[in-house]
Structures are given as structure tokens and as C-alpha cells.
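Listed below are the residues making up each chain.
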Amino acid sequence: MIETIITYFPISLMLTLFIIGYMRNGILEGIRTASYAGLITTLMGFMLYIAINKDLFTLFSKNPVTNKLEFHQIPPEVYSLIYGFGIPFIISLLTIVIGEGYMKIQQGRSTT
């Protein structure tokens, strides 16, 4: 139940903000607000996952017997997590940069 809510919350938030932005100022504003929502929810989800599963991200630990630092490899599920959160993060970031650049170009054309 909780996993379903966590899975569909970012999508529903992005759709809602897209509709609000579209009604406010057209399709570009809708894409821009949806991208910001995607970026924020991706970052919050990744940080929440790291906080809950911080033991997976421990690379070094001190061995109490030998009193030396030991290196641990990152488990494979962490790589899939990084791809799972990284790809939407990069897509949202690129959409924001492209959208903001296009909006500035359009504002420059309308003032001249």
C-alpha cells in the first residue's frame, strides 16, 4: 500500500502541476512547473532512501579486531537505485534548463 502511494505520488504531482501551469500560462509553463516538481520529488525520494538505507552506502568501516579501515564494495541494488533516481533527475534538470532558456528567448523577442 505504502509503496503504491510512494510510486504514484510524484507522477500525480507532476500531472497536477502541469495542468495548473498550462491553465495559467500555456504549455511551456506547464512543462516547466512539472519539471520542477519532478526534480524536487526525485531529490526528496533519493535522500529519503539514503536516510533509510544508510548501511548500503557505507564504503569504509573500522574493524574492531585489527583497528584498521576496511573498504566495502557497493551492493548492486544501489547501482539500480542510482539509475532509477538519476535518469528522472537528469531528464527533469535538462527540461528545466531548456525550458527556462526558451522562455528567456521568447521574452527577449517580445520586448523588441
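What you see is a predicted model; the values in this text were computed from it and never measured.

Rules used throughout
Residues numbered from 1 in each chain as written. Predicted model: local features only at pLDDT ≥ 70, side-chain atom pairs only at ≥ 80, totals over all residues. Heavy atoms only, no water. Helix = DSSP H or I, 4+ residues; strand = E, 2+ residues; numbered from the N terminus. Rg over C-alpha atoms; globule rule 2.2 N^0.38 Å. Buried < 20%, exposed > 50% of the residue type's maximum accessible area, 1.4 Å probe, protein only. Contact = heavy atoms within 4.5 Å. Areas by Shrake-Rupley, 256 points an atom, 1.4 Å probe, with all protein chains shown as cover. Lys, Arg positive; Asp, Glu negative; His and termini not counted. Charge placed at Lys NZ, Arg CZ, Asp CG, Glu CD. Phe/Tyr/Trp six-rings, centres within 6.5 Å; stacked < 30°, edge-to-face > 60°. Salt bridge = Lys/Arg side-chain N within 4 Å of Asp/Glu carboxyl O. Patch = residues over 30% accessible without salt bridge, like charges linked within 9 Å, V, L, I, M, F, W, Y side chains within 5 Å.

Caption draft 1: Region of interest: the overall build of the chain. Helix and strand counts for the chain stand at three helices and two strands. In the chain, the succession of helices and strands from N to C terminus is α-α-β-β-α. Radius of gyration (C-alpha) of the chain: 20 Å, far over the 13 Å computed for a compact globule of 112 residues. In terms of overall dimensions, the chain has C-alpha extents of about 70 × 40 × 15 Å along its principal axes. Among the 112 residues that make up the chain, the fraction classed as buried is 16%. Looking at the chain alone, contacts between residues at least 24 apart form 46% of all its contacts between residues at least 6 apart. As displayed, the chain has an accessible area near 8,700 Å², and 71% of this comes from carbon and sulfur atoms. Side-chain charges in the chain split into 7 positive and 6 negative, and the spacing between the mean points of these groups amounts to 12 Å.

Caption draft 2: The arrangement of the packing of aromatic side chains in detail. Applying the stated criterion across every chain, the model contains one aromatic pair. An angle of 20 degrees between the planes, with centres 6.3 Å apart, marks the rings of Phe 18 and Tyr 22 as stacked. Remark: Tyr 22 and Phe 18 occur in helix H1 (residues 2–25); sequence separation between them is four residues, near one turn of the helix. On the accessibility criterion, Phe 18 (26% relative accessible area) is partly exposed. The class of Tyr 22 is partly exposed, set by a relative accessible area of 48%.

Caption draft 3: Inspection of the pattern of salt bridges at higher detail. In the structure shown here, the tally under the stated rule is three salt bridges. In this structure, the salt-bridge partner of Glu 29 is Arg 24, at a minimum N-O distance of 3.2 Å. Taking relative accessible area as the criterion, Glu 29 reaches 4% and is therefore assigned buried. With a shortest N-O distance of 3.2 Å, Arg 32 and Glu 100 are connected by a salt bridge. Of this pair, Arg 32 sits in helix H2 (residues 27–52) while Glu 100 is found in helix H3 (residues 76–111), placing the two residues 68 residues apart along the sequence. Overlapping salt bridges, with partners in common, bring together Arg 24, Glu 29, Arg 32 and Glu 100 in one network.

Caption draft 4: Layout of the environment of Thr 16. Relative to the elements of secondary structure, Thr 16 occurs in helix H1. Exposure remark for Thr 16: the relative accessible area of 42% places this residue in the partly exposed category. Along the backbone, Thr 16 and Asp 55 are 39 residues apart, and their C-alpha atoms lie at a distance of 35 Å.

Caption draft 5: Broad picture of a nonpolar patch on the surface. Taken together, the side chains of Ile 19, Tyr 22, Met 23, Ile 27, Leu 28, Ile 31 and Tyr 102 define a hydrophobic patch exposed on the protein surface, amounting to about 700 Å² of accessible area. Within the residue set of the nonpolar patch, elements represented by two or more residues are H1 and H2.

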